[in-house]
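Architecture and fold: a report
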Amino acid sequence: DTFLFLDCLLAERPSLETLAPTLCVELGPGSGALSTYLSSLFVPGRTPIVLAVDINIAACRGTAATAAQNKQPRVEAVCDD
């Protein structure tokens, strides 16, 4: 499923750039691959805050690590239910 979503995000990149969102939310990010990739699609200075919300602390830590390894500081992992 992740790779399908990645392909869809890439295909929708022009629309996303036109919309210029300031905030994106992913529920249940798991590894954080989608949130991190979404953040990377935008040019610096126009990157939205990406909130990745999960109830699993391991998923939040994984998301934060994925974002950090890919130098995407606007991805915020939030643990909450």
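Described below are features of the structure shown in this document. (Residues numbered from 1 in each chain as written. Predicted model: local features only at pLDDT ≥ 70, side-chain atom pairs only at ≥ 80, totals over all residues. Heavy atoms only, no water.)

1. What to know about unusual backbone geometry
Which entries qualify depends on this criterion: Helix and strand definitions follow DSSP, with helices as H or I runs of at least four residues and strands as E runs of at least two, each counted in order from the N terminus. Residue burial is assigned from relative accessible area. The probe radius is 1.4 Å, only protein chains are included, and a residue is buried under 20% of its type maximum, exposed over 50%, and partly exposed in between.
If you check the backbone angles, A20 has positive phi at about 50° while not being a glycine. Position of A20 relative to the elements: it lies in the loop between α2 (13-19) and β1 (23-27). For A20, a relative accessible area of 33% corresponds to the partly exposed category. The phi dihedral of K71 is positive, around 55°, even though this residue is not glycine. Counting through the fold element by element, K71 comes out in the loop between α4 (57-69) and β3 (75-79).

2. A closer look at the environment of V25
Note the following rule: The contact definition used throughout considers only heavy atoms, calling two residues in contact when any of these lie within 4.5 Å.
With respect to the helices and strands, V25 occurs in strand β1. Given a relative accessible area of 51%, V25 falls into the exposed group. The sequence separation of V25 and V75 amounts to 50 residues, and the corresponding C-alpha distance is 9.7 Å. Excluding residues that lie within four positions of it along the chain, V25 makes contacts with L51 and V53.

3. What about the pairing of strand β2 (residues 49-54)?
Rules: Throughout, right-handed denotes a crossover for which the path from the first strand over the helix to the second runs clockwise when the strands point away from the viewer. Paired strands are those between which DSSP finds at least two bridges.
Residues V50, A52 and D54 of β2 are buried on one face, while the alternating residues I49, L51 and V53, pointing to the opposite face, are not. Between the parallel pair β1 and β2, the chain is carried across by helix α3 (residues 33-40), and the sense of this crossover is right-handed. Strand direction decides the pairing type here: β2 and β3, joined by five bridges, are parallel. Within the sheet, the bridge partner assigned to L51 lies in β3 and is E76. Once you follow β2 into α4 and on to β3, the crossover reads as right-handed.

4. Side note on the sheet that holds β1
Applied cut-off: Axis angles are defined between N-to-C directions and span 0 to 180 degrees, where every axis is a line fitted to C-alpha atoms and, for a helix, only to the segment in contact.
Pairing is parallel in the open sheet, where three strands are placed in the order β1-β2-β3. Edge positions in the open sheet fall to β1 and β3, since each of these has one partner strand only. Sheet twist, expressed as the mean angle between neighbouring strand axes with direction ignored, is 20°. Where α4 meets the sheet, it contacts β2 and β3, and its direction lies at approximately 170° from that of β3.

All quantities given are derived from atomic positions and should not be read as evidence of function.
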